[in-house]
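The chain contents come next:
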Amino acid sequence: MPTGNGFAMYNEVQNLSSNELVENYASLVKRIAHHLKGRLPPSVQLDDLIQAGMIGLIEAARKYEPAKGASFETYAGIRIRGSMLDEIRKGDWVPRSVHRNTRKIADAIRYVESQTGRDAQDHEVASALNISLDEYHHNLQDSTSSRLFSFDDMLTQNGERDSDVIAGDEPSPLEGLQSDNFKQQLALAIASLPEREQLVLALYYDEELNLKEIGKVLEVSESRVSQIHSQAAHRLRARLSEWLDQDDT
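Residues numbered from 1 in each chain as written. Predicted model: local features only at pLDDT ≥ 70, side-chain atom pairs only at ≥ 80, totals over all residues. Heavy atoms only, no water.

A. Up close: the packing of aromatic side chains. Within the structure shown, the criterion is met by three aromatic pairs. Relative to Phe 72, the ring of Tyr 25 has its centre 4.9 Å away and its plane inclined at 65 degrees; by these criteria the two rings are edge-to-face. In this pair, Tyr 25 is assigned in the loop between α2 (18-24) and α3 (26-37) and Phe 72 in helix α5 (residues 72-91), connecting sequence segments 47 residues apart. In this structure Phe 72 comes out as buried when scored by relative accessible area, which is 1%. For the ring pair Tyr 64 and Tyr 75, a centre distance of 5.5 Å and an interplane angle of 25 degrees mean the geometry is stacked. (Phe/Tyr/Trp six-rings, centres within 6.5 Å; stacked < 30°, edge-to-face > 60°. Helix = DSSP H or I, 4+ residues; strand = E, 2+ residues; numbered from the N terminus. Buried < 20%, exposed > 50% of the residue type's maximum accessible area, 1.4 Å probe, protein only.)

Listed below in structure tokens is the structure:
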């Protein structure tokens, strides 16, 4: 049972019905939707994200157990974001050519790094793909603008169960071990990225700056930040291929 301020929060949430929780936290759905929309191409509609997020909020209100210790806002945020990501995947708005390029770039990075024993450079990856550096940068730009490649997405694809654990739906020991192992490998892969790529990811995901704001911090163009972000994502995919490829179709 929670103590102190947690006890007060526990009682407050306990006294609210599911409908009241949905009404009180509807603004959270809009906030997450607007934040997510800023990372997606125009083809993804804000209303669709909000609708999916409301489904996640309703599910959160139904399954939340205050005794688990996490605040409802934390738990609902996980459910809402996961519901939106599921909707985006079902929409399949990513062109097949981008899927193919994503796989090819990751394979090329893995090949170069296995041959050199160090971080692959842009021109080396372009050479491995037998394309010009400009074309490689263009492919990186396409990948960033038309594919949601966030840590949330990677974790959701690989059995992330934080929301279920908070709700009380415990994963099996094997599922929990697999999820923990993946998160450990992801953390190691992020730590092994080149310093500038780590910084871009930290500013983007932790500080929640947009690409234009990051560009001002790094004193580079927004398009260059986009390329660095995409390069980091492909490098992570290359280094986590044995985890991610099992979910690819």
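Right, picking up where we left off after that structure.
B. Region of the structure containing helix α4 (residues 46-63). Between the first and last C-alpha of α4 there are 26 Å, a value that for 18 residues agrees with the 26 Å anticipated at 1.5 Å per step. Taken as a whole, α4 has its buried residues at Leu 49, Ile 50, Ala 52, Gly 53, Gly 56, Leu 57, Ala 60, Ala 61 and Lys 63. (Expected span 1.5 Å × (residues − 1).)

C. Examining helix α12 (residues 195-206) more closely. With 12 residues, α12 should reach 16 Å at 1.5 Å per residue; the first-to-last C-alpha distance of 15 Å fits that figure. Looking at α12, one finds that the buried residues are Glu 197, Val 200, Leu 201, Leu 203, Tyr 204 and Tyr 205. Just downstream of α12 lies Glu 208, where phi reads positive at about 60 degrees.

D. A look at the confidence of the model for the chain. Mean pLDDT for the chain: 76, with 68% of residues reaching 70 or above. Across residues 146-150, confidence stays below pLDDT 50; counting only partners more than four residues off in sequence or on other chains, it has 23 contacts. Of the regions scoring below 50 in pLDDT, residues 155-175 engages in 48 contacts with residues more than four places distant in sequence or in other chains. (pLDDT = per-residue confidence, 0-100. Contact = heavy atoms within 4.5 Å.)

E. Quick peek at the packing of helix α13 (residues 211-218) against helix α14 (residues 222-239). It is the contact of α13 with α14, at a shortest axis distance of 8 Å, that shows an interaxial angle of 100 degrees. Comparing the axis directions of α13 and α14 gives the class roughly perpendicular. Listed contacts from α14 to Leu 211, Lys 212, Ile 214 and Gly 215 of α13 are Glu 222, Val 225 and Ser 226. Each residue belonging to the contact of α13 with α14 can be placed in one class, and the counts come to three nonpolar, two polar and two charged. (Axes fitted to C-alpha atoms, helices over the stretch in contact; angles between N-to-C directions. Parallel < 35°, antiparallel > 145°, perpendicular 65-115°, else oblique. Nonpolar A, V, L, I, M, F, W, Y, C, P; charged D, E, K, R; others polar.)

F. How the structure looks around the side chain of Ser 230. Mapped onto the elements, Ser 230 comes out in helix α14. By relative accessible area, Ser 230 is classed as buried at 2%. Within the structure, Ser 230 has its side chain in polar contact with the backbone oxygen of Leu 140 (distance 3.1 Å). (Polar contact = N/O pair within 3.5 Å; in protein donor to acceptor, adjacent residues only side chain to side chain.)

G. Local environment of the pattern of salt bridges. Across all of its chains, the model carries nine salt bridges by this definition. Notably, a salt bridge pairs Glu 113 with Arg 235, separated by 2.7 Å at the nearest N-O pair. One end of the pair, Glu 113, is in helix α6 (residues 96-116); the other, Arg 235, is in helix α14, with 122 residues separating them in the sequence. Of the two residues examined, Glu 113 and Arg 235, each falls in the buried class. The salt bridge involving Glu 197 is made with Arg 235; its shortest N-O contact spans 2.8 Å. Of this pair, Glu 197 sits in helix α12 while Arg 235 sits in helix α14, and the two are 38 residues apart along the sequence. Each member of the pair, Glu 197 together with Arg 235, is buried. (Salt bridge = Lys/Arg side-chain N within 4 Å of Asp/Glu carboxyl O.)

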